[in-house]
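Residue-level structural notes
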Amino acid sequence: MRASLLQIDVDEAESVDARRQRVASLVRRQTASDLVILPELWTTGAFAYESFGTEAESLDGPTYEVMAKAASDAGVWLHAGSIPERVTGGGLYNTSLVFSPSGDLAATYRKIHRFGFDKGEAVLMGAGSELVTVRLPETTVGLATCYDLRFPELFRGLVDAGAETLVVSAGWPERRRSHWTLLAQARAVEDQAYVLACGTAGAHAGVPQAGHSIVVNPWGEVLAEAGGGEEVLTVEFDPSKVGATREQFPALKDRLLGVATPRR
């Protein structure tokens, strides 16, 4: 497979509409890729809390429309990052959208672990409750968002649901960049899966972003890593190596705690 991670610079001087069109143009250029991944809350900025309410939209809103067409135009699977989703009744969620190469909405994922402790996203947005996987022709993808990366039980659940490739869409701060790299490699090693983690560049509400989007193989080896600025990180990887790794070093078979009940 060929994947492109679009590490977007969320420039606060740029309007949300202008950014949607710019990002859609970047997506349309990735025709040689099978999968394109965008970061978390790239329309607003993950730390621009005051914008969540004003820029929130429904799942069939403007970001949906622009990204569905971009996926169709490029003929790619598109993880369109996440948006502040407003639901009936006015509640907000941090929701990821995944489109098929025909532009159909293939999956949505509401972020389960909200960052901020007693402020910001943690109090402004509701928590998702469902693990989400998407079956691509070459691999099953498990979805996670930013702060989720710190919670290994979520990724174990995705593996139990069949995930072989773990996609993390994020707006990770620069001051904790070492954690970003460490945790991406840890999730790959312990789950014997590919990790494709896409972050933002620039600064959100004065919070510098880590950038350094990263692709890690099932042995924890870094296949590709971006720098700190806006960048398209493209990498080729072989999903069949997940099964081979799990067979060669069958650590997952030795799990004793928290093992999912086999499906019948």
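Thresholds, definitions, all that
Residues numbered from 1 in each chain as written. Predicted model: local features only at pLDDT ≥ 70, side-chain atom pairs only at ≥ 80, totals over all residues. Heavy atoms only, no water. UniProt positions renumbered as here; feature names shortened; annotations may be inferred. Axes fitted to C-alpha atoms, helices over the stretch in contact; angles between N-to-C directions. Helix = DSSP H or I, 4+ residues; strand = E, 2+ residues; numbered from the N terminus. Parallel < 35°, antiparallel > 145°, perpendicular 65-115°, else oblique. Left-handed = near helix turned anticlockwise from the far one by under 90°. Contact = heavy atoms within 4.5 Å. Nonpolar A, V, L, I, M, F, W, Y, C, P; charged D, E, K, R; others polar. Pairing = 2+ DSSP bridges. Buried < 20%, exposed > 50% of the residue type's maximum accessible area, 1.4 Å probe, protein only. Core = buried A, V, L, I, M, F, W, Y, C linked by side-chain atoms within 4.5 Å.

- In the nomenclature of an unreviewed UniProt entry, the protein chain is known as Carbon-nitrogen family hydrolase of Streptomyces tauricus.
- We quote the UniProt Sequence similarities (unreviewed entry) comment for the protein chain here in full: "Belongs to the carbon-nitrogen hydrolase superfamily. NIT1/NIT2 family."

What about the packing of helix α1 (residues 16-28) against helix α3 (residues 62-74)?
- Two numbers describe how α1 lies on α3: the axes approach to 8 Å, and their chain directions differ by 20 degrees. Between α1 and α3, the interaxial angle falls into the category roughly parallel. Seen from above, α1 lies across α3 with right-handed handedness. Note on element contacts: α3 touches α1 through Pro62, Thr63, Val66, Met67, Ala70, Ala71, Asp73 and Ala74, opposite Arg20, Gln21, Val23, Ala24, Val27 and Arg28.
- In terms of residue class, the contact of α1 with α3 is built from 9 nonpolar, 2 polar and 3 charged.

Details of the sheet that holds strand β13 (residues 222-225)
- Sheet architecture is open: 6 strands sit in the order β6-β7-β8-β9-β12-β13, paired in mixed fashion. Edge positions in the sheet fall to β6 (133-135) and β13, since each of these pairs with one other strand and no more. The mean inter-strand angle of the sheet, taken between neighbouring strand axes irrespective of direction, is 15 degrees.
- Pairing analysis gives 3 bridges linking strand β9 (residues 194-198) to strand β12 (residues 214-216), with the strands arranged antiparallel. By the bridge assignment, Leu196 is partnered in β12 with Val215.
- Contacts between helix α6 (residues 177-191) and the sheet are confined to β8 (165-169), β9, β12 and β13, with β12 contributing the most and set at about 25 degrees to the helix.

Points about the side chain of Arg20
- Its place among the elements puts Arg20 in helix α1.
- For Arg20, a relative accessible area of 5% translates into the label buried.
- If sequence neighbours within four positions are ignored, Arg20 has contacts with Trp42, Thr43, Glu57, Pro62, Thr63, Val66 and Met67.

Some remarks on the nonpolar core
- One finds Leu5, Leu35, Phe155, Trp180 and Leu196 to be the most contacted residues of the largest nonpolar core, which totals 47 residues.
- Counting residues per element, this core draws most heavily on β9, which supplies 5 residues.
- Trp180 has contacts with Leu149, Val168, Ala170, Trp172, Ala197, Cys198, Gly199, Gly211, His212, Ser213 and Ile214, leaving out every residue within four places of it along the chain.

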